[in-house]
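Residues per chain, in single letters:
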Amino acid sequence: MSIQDGHGEYNQPILQVKQTVKADTFSVTVNNMVWENITGLDVDITPQSSTSKILIMVTIGGWGIGSSGQRFGFALKRDTTLIGLGSTSGNRTRSSVATMGFEGGTDGIENGVAFNFLDSPSSTSSITYRTCVNAEGNGREVFINRGHNSSNQDETFVTCSTITAYEIGA
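Keep in mind the model is a prediction, meaning the values are calculated, not measured.

Asks: Can you help me understand the overall build of the protein chain in this one?
Replies: Helix and strand content of the protein chain: 0 helices and 13 strands. Starting at the N terminus and walking to the C terminus, you meet the elements of the protein chain as β-β-β-β-β-β-β-β-β-β-β-β-β. In the protein chain, buried positions account for 36% of the 170 residues. When contacts within the protein chain are restricted to residue pairs at least 6 apart in sequence, those whose partners lie at least 24 apart make up 81%. Put simply, the protein chain shows about 8,800 Å² of open surface, and 45% of that area lies on carbon and sulfur atoms.

Asks: I would appreciate a short explanation of the sheet that holds strand β12 (residues 140–144) in the present structure.
Replies: Hydrogen bonds between backbone groups are what pair the strands of a sheet, and the pairing can be parallel or antiparallel. The strand order across the open sheet built from 3 strands is β3-β12-β6, with neighbouring strands paired in antiparallel fashion. Across the chains shown, the open sheet's two edge strands, defined by having one partner strand only, are β3 (26–30) and β6 (63–65). Averaged over all adjacent pairs, the angle separating strand axes in this sheet is 20 degrees, with direction ignored. The pairing of β6 with β12 spans 3 bridges and is antiparallel.

Asks: Even after reading the chapter, I still don't get the pattern of salt bridges, so can you show me in this structure?
Replies: Side-chain pairing between opposite charges can occur once the charged atoms of the two side chains come close. Considering all chains together, one arrives at 2 salt bridges under this definition. The partner of Lys22 in a salt bridge is Asp24, and the shortest N-O contact between them spans 2.8 Å. On the accessibility criterion, Lys22 (4% relative accessible area) is buried.

Asks: Which parts of the structure should I look at to understand the side chain of Thr128?
Replies: For Thr128, the location among the structural elements is in strand β11 (residues 127–135). Exposure remark for Thr128: the relative accessible area of 14% places this residue in the buried category. For Thr128, the side chain forms a polar contact with the side chain of Asp44, separated by 2.4 Å. In contact with Thr128, other than residues within four places in its own chain, are Asp42, Val43, Asp44, Lys77, Arg78 and Asp79.

Asks: Whenever I open this one, the pairing of strand β5 (residues 53–60) confuses me. Can you help?
Replies: As a general feature of sheets, a regular strand has side chains that alternate between the two faces. Residue alternation in β5 divides its side chains into a buried set, Ile54, Ile56, Val58 and Ile60, and an unburied set, Lys53, Leu55, Met57 and Thr59. Sheet topology places β5 next to strand β13 (residues 161–168); 8 bridges connect them, and they run antiparallel. Each bridged residue has a counterpart across the sheet, and for Val58 the counterpart in β13 is Ile163. Sheet topology note: the β5/strand β10 (residues 113–119) ladder contains 7 bridges and is antiparallel.

Asks: Hey, could you run me through the packing of aromatic side chains in this one?
Replies: Working definition: an aromatic ring pair is given by the centre-to-centre distance plus the angle between the planes. Following the criterion strictly, the structure yields 2 aromatic pairs and no others. On the basis of an interplanar angle of 85 degrees and a centroid distance of 4.5 Å, the ring pair of Trp63 and Phe72 is categorised as edge-to-face. Accessibility classification places Trp63 together with Phe72 in one group, the buried group. Between the aromatic rings of Phe72 and Phe74, the centroid separation amounts to 5.6 Å while the plane-to-plane angle is 70 degrees, which identifies the pairing as edge-to-face. Of the residues examined, Phe72 reaches a relative accessible area of 4% and is grouped as buried.

Asks: Where do I start with the nonpolar core in this structure?
Replies: Nonpolar side chains in soluble globular proteins generally cluster together in the buried interior. Core analysis: the biggest nonpolar cluster contains 27 residues, and Ile60, Phe74 and Tyr129 have the highest contact counts within it. Ile60 has contacts with Ile38, Leu41, Phe74, Gly112, Val113, Thr131, Ile144 and Ser161, leaving out every residue within four places of it along the chain.

Rules used in this analysis
Residues numbered from 1 in each chain as written. Predicted model: local features only at pLDDT ≥ 70, side-chain atom pairs only at ≥ 80, totals over all residues. Heavy atoms only, no water. Helix = DSSP H or I, 4+ residues; strand = E, 2+ residues; numbered from the N terminus. Buried < 20%, exposed > 50% of the residue type's maximum accessible area, 1.4 Å probe, protein only. Contact = heavy atoms within 4.5 Å. Areas by Shrake-Rupley, 256 points an atom, 1.4 Å probe, with all protein chains shown as cover. Pairing = 2+ DSSP bridges. Axes fitted to C-alpha atoms, helices over the stretch in contact; angles between N-to-C directions. Salt bridge = Lys/Arg side-chain N within 4 Å of Asp/Glu carboxyl O. Polar contact = N/O pair within 3.5 Å; in protein donor to acceptor, adjacent residues only side chain to side chain. Phe/Tyr/Trp six-rings, centres within 6.5 Å; stacked < 30°, edge-to-face > 60°. Core = buried A, V, L, I, M, F, W, Y, C linked by side-chain atoms within 4.5 Å.

Note that all results are geometric; they support no functional claim without further evidence.
Okay, structure coming up:
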């Protein structure tokens, strides 16, 4: 299989695909603007060539946070190194994607988010790509695949999230 677009084929074959589906719910308390890994939303891949690129695609089906107007972001790590971040801009926190809670403290689940990054790891060793979350303030609990309160009612949704790694030949 090769990557294609509306203009033709790039002749860069997809060498392998790895995916993790996170169907359970997860919560983490974020303190002091420290990036926290989302347990179970990671994927391992061992590139076949050091010249390969790895396309990482992340979809978070839904999330919740306790406060309306609460700002937070998601990012990607290659092993323990943050990658795919915005440029440095003063004291602002760099992330892959950022958002704000609108349903804070309710059963509502926030819109999902999706982001991707084309990495050039220059390695043939096993790599773990991880999804992580950060939030302003201290003691902010973030929920993945569910809303903040998540009461047991048929109009309260739970979702799944995925992380997919494609090795693309050079």
